[in-house]
Amino acid sequence: MSQQNPNQHTAQTKVAEAIKTDAPVREFFGATSDNTVYANGTHIIGFGFDGTACFRKGTRNGPDGLRAVSEDIESYSPYLDADLFDHAFYDLGNLSLGSSDDVEAQWQHASDQFDEIFQPLDLQANNVRVLTLGGEHSISYAPIRKYLQQYPDLVLLHLDAHADLRDGFLGYHYSHASIIRRSLDHFGPGHELIQYGIRSGTREEYQYMNEHGTVRKSRKDFLDSVAAIADDRPIYLTLDLDYFDPAFLPGTGTPEPGGEDFHSYVSLMKLLRGKNLVGADVVELSPEIDPTGNSDVFAAKIVRELLIILNEKGAR
């Protein structure tokens, strides 16, 4: 664990405050626990929900699972030669699922709370960066919709084992298997979808991806596509951890063989560092599925790299 002390947080301009969220098990390593949204700041928020998960549940514990192991990793990234403590960032806690036993009501309650916090804000004008921790992939709907509304030329990068283009699944319109389909409902003419890592889906989903040219079928094609994005064009990353091969990260609800490794992710992070990454979510960690805890540590390092890049962009 790094022995470095966090920098003193300089005075920030408040753009929202008095947010009532559930307290996390602890703040993510290096973050300030705060119920305030700051201009030029990066903010973590947890959305621990797995009500539509169709195979192995447990992602409701993902946000706090990530936080619990975060202090057991180094704050310094040798891949980016940067430290979590180089910039201030904030942990807003976890969205509340409410008191209902109905899973759709729980999802809606937490999504509404996300909207209550962020919908009134001009993320672009205030340079507010949000990293949402899941939770199953359906939790990404609220942040993706917000970013699509705010950035008319947004590129949505989707890393996943699954296409997630079904028009609902098992009776849930907002299912973890339909998050990208629901996101497309809010696409405008200037938005773009780039998908990579997809290795499971229906015939119809593959037909859509092929006809619309959204899927990249090799690592080189994917990285070349990211490199070709204009440096100032806004990018949002939605990362389902089953993107990685289950040999490296078994602690996820719907594992699929044939996935990527950590070093391919580092290659992407190095590219994104020179781009305009404005927000992200990391979803589908299920801590109890992997009793070794290795998946939690792997995922925490994934989050560390993202936070460093978001922090650098927020400090511009």
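Everything below is about the structure shown above.
Nothing here was measured: the structure is a model prediction, and the numbers come from that model.

Draft legend 1. Quick look at the sheet that holds strand β7 (residues 89-94). Pairing in this open sheet of 9 strands is parallel, and the strands run β2-β7-β4-β8-β13-β12-β9-β10-β11 from one edge to the other. The strands lining the two open edges of the sheet, one partner per strand, are β2 (32-33) and β11 (215-216). Relative to strand β10 (residues 192-196), strand β9 (residues 155-159) runs parallel, the two being bridged by 5 bridges. Paired with L156 across the bridge in β10 is L193. Packing against the sheet, helix α7 (residues 219-227) makes contact with β9, β10 and β11, and its axis sits at approximately 150° to β10.

Draft legend 2. Quick peek at the pattern of salt bridges. With the rule as written, the count across this model stands at 14 salt bridges. R182 is the partner of D185 in a salt bridge, and the nearest nitrogen-oxygen pair spans 2.8 Å. The partly exposed category is assigned to D185, whose relative accessible area is 46%. By relative accessible area, which is 4% here, R182 ends up buried. With a shortest N-O distance of 2.9 Å, E260 and R219 are connected by a salt bridge. Note that E260 is positioned in the loop between β12 (234-240) and α8 (262-272) and R219 in helix α7, a separation of 41 residues in sequence. A relative accessible area of 10% means that E260 is categorised as buried. Each member of the salt-bridge network shares a partner with another, and the members are D167, R181, R182 and D185.

Draft legend 3. Local environment of the packing of aromatic side chains. For the structure on display, the rule yields 15 aromatic pairs. Between F29 and F85, the aromatic rings sit 5.3 Å apart at their centres with planes inclined by 75°, giving edge-to-face as the arrangement. One end of the pair, F29, is in the loop between β1 (14-17) and β2; the other, F85, is in the loop between β6 (82-83) and β7, and 56 residues separate them in sequence. Comparing F29 with F85 shows no difference in burial state: the two are buried.

Draft legend 4. Examining the packing of α7 against α8 more closely. Running from amino to carboxyl end, α7 crosses α8 at an angle of 15°, the nearest separation of the two axes being 10 Å. Relative to α8, the element α7 lies roughly parallel. Between α7 and α8 the crossing geometry is right-handed. Taken together, the residues of α8 that come into contact with α7 (itself represented by R219, F222, L223, V226 and A227) are S264, S267, L268, L271 and L272.

Cut-off values and rules
Residues numbered from 1 in each chain as written. Predicted model: local features only at pLDDT ≥ 70, side-chain atom pairs only at ≥ 80, totals over all residues. Heavy atoms only, no water. Pairing = 2+ DSSP bridges. Helix = DSSP H or I, 4+ residues; strand = E, 2+ residues; numbered from the N terminus. Contact = heavy atoms within 4.5 Å. Axes fitted to C-alpha atoms, helices over the stretch in contact; angles between N-to-C directions. Salt bridge = Lys/Arg side-chain N within 4 Å of Asp/Glu carboxyl O. Buried < 20%, exposed > 50% of the residue type's maximum accessible area, 1.4 Å probe, protein only. Phe/Tyr/Trp six-rings, centres within 6.5 Å; stacked < 30°, edge-to-face > 60°. Parallel < 35°, antiparallel > 145°, perpendicular 65-115°, else oblique. Left-handed = near helix turned anticlockwise from the far one by under 90°.

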